[in-house]
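Each chain, letter by letter, is given below.
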Amino acid sequence: MERRGSQRDRGSSRERDYSRGPQTMHKAKCSDCGEETEVPFKPDPDRPVYCRECYAKRKPKRY
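No experiment lies behind these values; they were computed from the predicted model shown.

### Here we look at the overall build of the protein chain
Thought 1: Within the protein chain, the regular secondary structure consists of two helices and two strands.
Thought 2: Listed N to C, the secondary structure of the protein chain is α-β-β-α in terms of helices and strands.
Thought 3: A total of 63 residues make up the protein chain; the buried ones form 11% of that total.
Thought 4: Long-range contacts, defined as pairs at least 24 residues apart, comprise 4% of the intrachain contacts of the protein chain with a sequence gap of at least 6.

Laid out in C-alpha cells, this is it:
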C-alpha cells in the first residue's frame, strides 16, 4: 500500500482552511476590563467575552 495519497489529502485539507477568505469580526465588550474588542464569532449574551489581554491572563499556562 502506498501512503503518499494520504499525505497529499492532509495537505489539501490544510489549504482549504486558508482559502475561506476574511473572517467577519463582531464588536463585543470585555467581561473583565470593559474595553471594546472584536471577536471572530457572534457573541452570546449568556457567555463572557474577553479581550486579547484578559483572555491571555485567564487561559491555563502550558508547561
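### Quick look at the side chain of Thr37
Thought 1: Locating Thr37 in the fold gives a position in strand β2 (residues 36-39).
Thought 2: Leave out the neighbours within four places in its chain, and Thr37 touches His26, Lys27, Ala28, Cys30, Tyr50 and Cys51.

### A word on the pairing of β2
Thought 1: Burial along β2 is one-sided: Thr37 and Val39 are buried, and none of Glu36 and Glu38, which face the opposite way, are.
Thought 2: In this sheet, β2 lies alongside strand β1 (residues 26-29) in antiparallel orientation, the contact comprising four bridges. Bridge assignment links His26 to a residue of β2, and that residue is Val39.
Thought 3: Taking the residues between adjacent antiparallel strands as the criterion, β1 and β2 are bridged by six residues, where Gly34 takes a positive phi near 85 degrees.

### Describing the pattern of salt bridges
Close approach of charged atoms lets side chains of opposite charge pair.
Thought 1: Under the defined criterion, the tally for this structure stands at one salt bridge.
Thought 2: A salt bridge links Glu36 to Lys27; its shortest N-O distance comes to 3.6 Å.

### With respect to the confidence of the model for the protein chain
Thought 1: Per-residue pLDDT for the protein chain averages 79, and the proportion of residues at 70 or more is 70%.
Thought 2: Mean pLDDT across the elements of the protein chain ranges from a minimum in helix α1 (residues 4-18), with 51, to a maximum in β1, with 96.
Thought 3: Throughout residues 5-9 the model reports pLDDT below 50, and contacts reaching past four residues in sequence, or to other chains, amount to zero contacts.

What counts and what doesn't
- Residues numbered from 1 in each chain as written.
- Predicted model: local features only at pLDDT ≥ 70, side-chain atom pairs only at ≥ 80, totals over all residues.
- Heavy atoms only, no water.
- Helix = DSSP H or I, 4+ residues; strand = E, 2+ residues; numbered from the N terminus.
- Buried < 20%, exposed > 50% of the residue type's maximum accessible area, 1.4 Å probe, protein only.
- Contact = heavy atoms within 4.5 Å.
- Pairing = 2+ DSSP bridges.
- Salt bridge = Lys/Arg side-chain N within 4 Å of Asp/Glu carboxyl O.
- pLDDT = per-residue confidence, 0-100.

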